[in-house]
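Coordinate analysis (summary)
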Amino acid sequence: TAPPPTVSAPASPAEQVYFGHPEKKVTLYFLVTGLLMLLIGVAIGPLQALNYANIDVYQYLPFLKSYYQGLSLHGVLNALVFTTYFISGLLLYLPCRALGVRPNLVVAWAAYWTMTIGVLMAAWAVLGNNATLLYTFYPPLQGSPLFYIGAALLVVGSLIIAVQVIVIWTGWKRQHPGETTPLVAYMSVATWMMWVIASLGLVVEVVVFLIPWSLGWTKGVDPLLARTLFWYTGHAIVYFWVLPAYISWYALLPRQAGGVIASDSMARLSFVLFLLLSTPVGLHHQYSDTGLSIGWKTVQMLLTFLVVVPSMLTAFSVGASLELAAQARGGGGYFGWTRRLPWKDPVFTAQVLAMISFIPGGAGGIVNASLALDTAVHNTAWIPGHFHITVGTATTLTFFAISFWLLPHLTRKPLASVKMALWSAWLWFWGMIIFAVGMHWEGLIGIPRRTYFAGATGLSEMISRAQVPLALTGISGMVLAVAAVLYFTVIFRTLLGRTRVSAQAEVPIPFSQSLAEVEALAGNGGSPKIAGAVRVLERLWVFFALALALVLVMYLPTFISLLLNPHPVPGLRLW
Ligand code: HAS
Ligand code: HEM
Ligand code: CU
């Protein structure tokens, strides 16, 4: 395709770019702040990978007091901070554009600053080595109150966006009675509703228990109660991280691949299932916690297997969209069609690589979910192996892909280098695959996670049996370091670039059409059964209420028994 026509920058270029859509600016702030946090978080990853290769670089790093201070920064900035900013920006902008409604900018900026003040507080605590708690901040480890207050503000910021998007949607519904919500808006609202329910555990843990305790107002906290509240949110948060990627795979990727959405109603169904099933499964992180009933653990295990269903629906549905796209480009055969996909486009390729990494990521999740198998891998290197190909790739690499079109869309600055963007995606993918092979393998040998090898004793026999996988982890860290350098180079060169394309040449938002829409336009009508299903699925408030009810049934007995048998303990500082 021909390069887009460019115009030289006018006097006040930035504001003119946002003209017509001032929400672009706040979106850009969310995305770029998130990416800056990722930059710092990711910088520490390769050092940890070297640690797993038994190479200790921490003695040369005076700014990190310990391996665990670095690991706390890495986990918090990548998994909690980067994701929350990026998702808040994305799932504010996309649904508003899909509905054609401008968000209230005062509210959106208030959310941004609430988050940012919170993150600065928490960062101050972690950087000062006063909150070396890892990203799970389990009591009785006790950190500075600034950390907990900051974490609470981060969540509150995201909830402000959640409420805003839900309110905008209800307003839209009132003005468009009987109409079906556009797919992207529908999926965004379902995701935010899920997060409203899911974040409750973390909010209660931090606000009711940890903040007063860290301020010295209460003497102790019950670690088991705190962990249970944490994992109530802690499992569902993984869908908060991955559903925005699903939105992109379902509703944007088909158009980017040159095709259509295979099934609009399947996409809606899977998001309703996520709304219902994401939260009442957190006990699968606590199979090894004594003091919780095996009965509820088993029930939540079964529900975990059920929540795999919407991901399977997604795999086949999105796979079908890709095949349709390839067929539209003349592809055919069982697998031959994949060659016809636009592999030279980093927006496409990064997403499909993210999806491919998610196949073993999901399979590993099913192993973890199985109560009996989890005892073999819990707290081993297997677990970081699992989540670097889920949140670290399925989510992160998809967000890379989104940044490759969305940052140009928001700024009207063309992507600095398509080639470098492609390289960064392929290297990230292969780096994470090697990482995952190494870490899963180590886990099976029994190598623990969260281990500073230079300071650990008693592991030498195990290390001698894990030489190959440990080396793989180290090598993957180096590959990932190169990938990260390339990615951030593209992003900063894009953002700092001086050329802006004209309004007409702006990268469009790739909202895709569905197969049903295309057929209806061609006069083929549509199935009344599917239309009926979509009408039922449209009642998201009903599913919200059902989700709340389900989570109460699945968790209330456990919380009641924990509250009736409190075991508060004072705080510890082990670093
Ligand atoms: Fe997990 C631990 C179970 C999904 C993240 N998980 C973690 C932790 C993290 C995490 C961070 O049951 C560690 C927490 C800690 O620090 O202790 N997980 C699951 C299950 C799923 C799952 C059953 N996890 C995720 C996602 C994450 C994530 C998503 C982040 C984004 N996980 C567990 C369990 C533990 C756990 C236990 C605790 C273990 C322990 O002992 O501590 C499922 O949701 C997975 C379903 C996914 C699939 C894959 C579908 C595939 C798709 C792609 C298709 C590709 C196509 C491409 C079509 C079934 C959608 C084709 C392309 C062509 C070109 C042809
Ligand atoms: C932990 C490496 C990127 C999230 C780890 C560990 C390693 C590692 C080796 C295990 C440390 C241990 O258990 O002692 C890397 C490398 C990366 C990278 C080389 C890429 C350059 C990411 C990304 C995310 C992420 C993009 C999320 C978006 C996490 C989390 C932990 C972790 C949540 C767990 C921390 C904990 O156990 O407290 N990483 N990582 N990492 N990583 Fe990464
Ligand atoms: Cu989980």
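You'll find the structure just up there.
Residues numbered from 1 in each chain as written. Chains lettered and ligands numbered in written order. Predicted model: local features only at pLDDT ≥ 70, side-chain atom pairs only at ≥ 80, totals over all residues. Heavy atoms only, no water.

1. Concerning the overall build of the protein
Rule in force here: Only DSSP runs of H or I reaching four residues or more are called helices, and only runs of E reaching two or more are called strands; each is numbered from the N terminus. Here the radius of gyration uses the C-alpha set of atoms, whereas the globule reference equals 2.2 Å times the residue count to the power 0.38. Relative accessible area decides the class of each residue, using a 1.4 Å probe on protein chains only: under 20% of the type maximum gives buried, over 50% gives exposed, and in between gives partly exposed. In what follows, residue pairs with any heavy atoms lying within 4.5 Å of each other are defined as contacts.
Scanning the protein from terminus to terminus reveals 20 helices and two strands. In summary, the protein has a C-alpha radius of gyration of 23 Å against a globular reference of 25 Å for 575 residues, a match within 12%. Its C-alpha atoms put the protein at 65 × 55 × 50 Å along the principal axes. Residue burial in the protein is summarised as follows: out of 575 residues, 57% are buried. Long-range pairs, those at least 24 residues apart, make up 84% of the contacts in the protein between residues at least 6 apart in sequence.

2. As for the coordination of the iron atom of ligand 1
So the rule is basically this: In this description, a donor is an N, O or S atom within 2.8 Å of the metal centre, a cutoff extended to 3.2 Å for sodium, potassium and calcium. Water is not part of the atom list, which can make sites seem incomplete.
With respect to protein ligation, the iron atom of ligand 1 binds only His 386 (NE2), at 2.2 Å. For the pair the iron atom of ligand 1 and the copper ion (ligand 3), the metal-to-metal distance amounts to 4.4 Å. Relative to the elements of secondary structure, His 386 occurs in helix 13 (residues 382-388).

3. Describing the pattern of salt bridges
In plain terms, the rule: Each reported salt bridge corresponds to a side-chain nitrogen of Lys or Arg within 4 Å of a carboxyl oxygen of Asp or Glu.
Overall, the coordinates contain eight salt bridges when judged by the stated rule. The partner of Glu 23 in a salt bridge is Arg 102, and the shortest N-O contact between them spans 3.9 Å. You can see Glu 23 sitting in helix 2 (residues 23-52) and its partner Arg 102 sitting in the loop between helix 3 (67-99) and helix 4 (105-127), a full 79 residues away along the chain. What makes Glu 23 buried here is its relative accessible area of 2%.

4. Brief notes about unusual backbone geometry
Phi is mostly negative for residues that are not glycine, and the peptide bonds are mostly trans. Put simply, Pro 139 and Pro 140 share a cis peptide bond, and its omega is 15°. Although it is not a glycine, Asn 129 sits at a positive phi angle of roughly 60°. If you check the backbone angles, Asn 379 has positive phi at about 60° while not being a glycine. Residue position: Asn 379 is located in the loop between helix 12 (371-377) and helix 13.

5. Some points on the site of ligand 2
Using the following cut-off: Summary of the distance rule: residues count as near a molecule or strand when at least one heavy atom falls within 4 Å of that molecule or strand. For this analysis, a polar contact is any N or O atom pair within 3.5 Å, provided that within protein one partner can donate a hydrogen and the other can accept it, and provided that sequence-adjacent residues contribute only side-chain to side-chain pairs. Residues are grouped as follows: nonpolar covers Ala, Val, Leu, Ile, Met, Phe, Trp, Tyr, Cys and Pro; charged covers Asp, Glu, Lys and Arg; every other residue, Gly included, is treated as polar.
Near ligand 2 there are 24 residues, and of these Tyr 67, His 74, His 388, Arg 449 and Arg 450 occur at the shortest range. Between Tyr 52 and ligand 2, the recorded distance is 3.4 Å, taken from a side-chain N or O atom to an oxygen atom. The side chain of His 74 places a nitrogen or oxygen atom 2.7 Å from a nitrogen atom of ligand 2. Those elements that place two or more of their residues in the shell around ligand 2 are helix 2, helix 3, helix 13 and helix 15 (418-445). For the shell around ligand 2, the class distribution of residues is 14 nonpolar, eight polar and two charged.

6. Concerning the coordination of the iron atom of ligand 2
Taken together, His 74 (NE2) and His 388 (NE2) make up the full set of protein donors to the iron atom of ligand 2, lying 2.0 Å away. Judged by relative accessible area, His 74 falls into the buried class, the value being 11%. The buried category is assigned to His 388, whose relative accessible area is 15%.

7. Things to note about the site of ligand 1
Every one of the 33 residues lining ligand 1 counts as a neighbour, but Tyr 135, Tyr 239, Asp 374, His 378 and His 386 are closest to it. One nitrogen or oxygen atom from the side chain of His 378 is found 2.6 Å from an oxygen atom belonging to ligand 1. His 386 places a polar side-chain atom, nitrogen or oxygen, 3.0 Å from a nitrogen atom of ligand 1. When contributions to the shell around ligand 1 are tallied by element, the ones reaching two or more residues are helix 8 (223-256), helix 10 (294-328), helix 11 (346-369), helix 13 and helix 14 (390-411). Of the residues belonging to the shell around ligand 1, the class tally is 19 nonpolar, twelve polar and two charged.

8. What to know about the side chain of Asp 289
Considering the arrangement of structural elements, one finds Asp 289 in the loop between helix 9 (264-277) and helix 10. Owing to a relative accessible area of 9%, Asp 289 belongs among the buried residues under this scheme. Among all residues touching Asp 289, those that are not within four sequence positions of it are Leu 224, Arg 227 and Lys 297.

9. A word on the nonpolar core
For clarity, the cut-off: Residues belong to one nonpolar core when they are buried, are Ala, Val, Leu, Ile, Met, Phe, Trp, Tyr or Cys, and are joined through side-chain atoms within 4.5 Å.
With 182 residues, the main nonpolar core has Phe 147, Trp 192 and Phe 404 as its most contacted residues. For this core, the element with the highest residue contribution is helix 8, accounting for 22 residues. Setting aside chain neighbours within four positions, we find Phe 147 in contact with Val 76, Ala 122, Ala 125, Val 126, Ala 131, Leu 133 and Phe 137.

10. Details of the environment of Leu 120
Position of Leu 120 among the secondary structure elements: in helix 4. Once the C-alpha coordinates of Leu 120 and Leu 146 are considered, the two residues, 26 residues apart in sequence, prove to be 9.2 Å apart.

11. Some words on the environment of Leu 306
You can see Leu 306 is positioned in helix 10. Taking the C-alpha atoms as reference points, Leu 306 and Ser 278, separated by 28 residues in sequence, lie 9.7 Å from one another.

12. Focus: a nonpolar patch on the surface
As a reminder, the rule being used: In this scheme, patches are assembled from residues that exceed 30% relative accessible area and form no salt bridge. Like charges are connected within 9 Å, while nonpolar side chains (Val, Leu, Ile, Met, Phe, Trp, Tyr) are connected within 5 Å. Note on areas: these come from Shrake-Rupley sampling with a 1.4 Å probe, and a residue is covered only by the protein chains present in the view.
On the surface, Leu 552, Leu 556, Ile 560 and Leu 564 cluster together to form a nonpolar patch covering roughly 390 Å² of accessible area. On the secondary structure map, Ile 560 appears in helix 20 (residues 540-564). For Ile 560, a relative accessible area of 44% translates into the label partly exposed.

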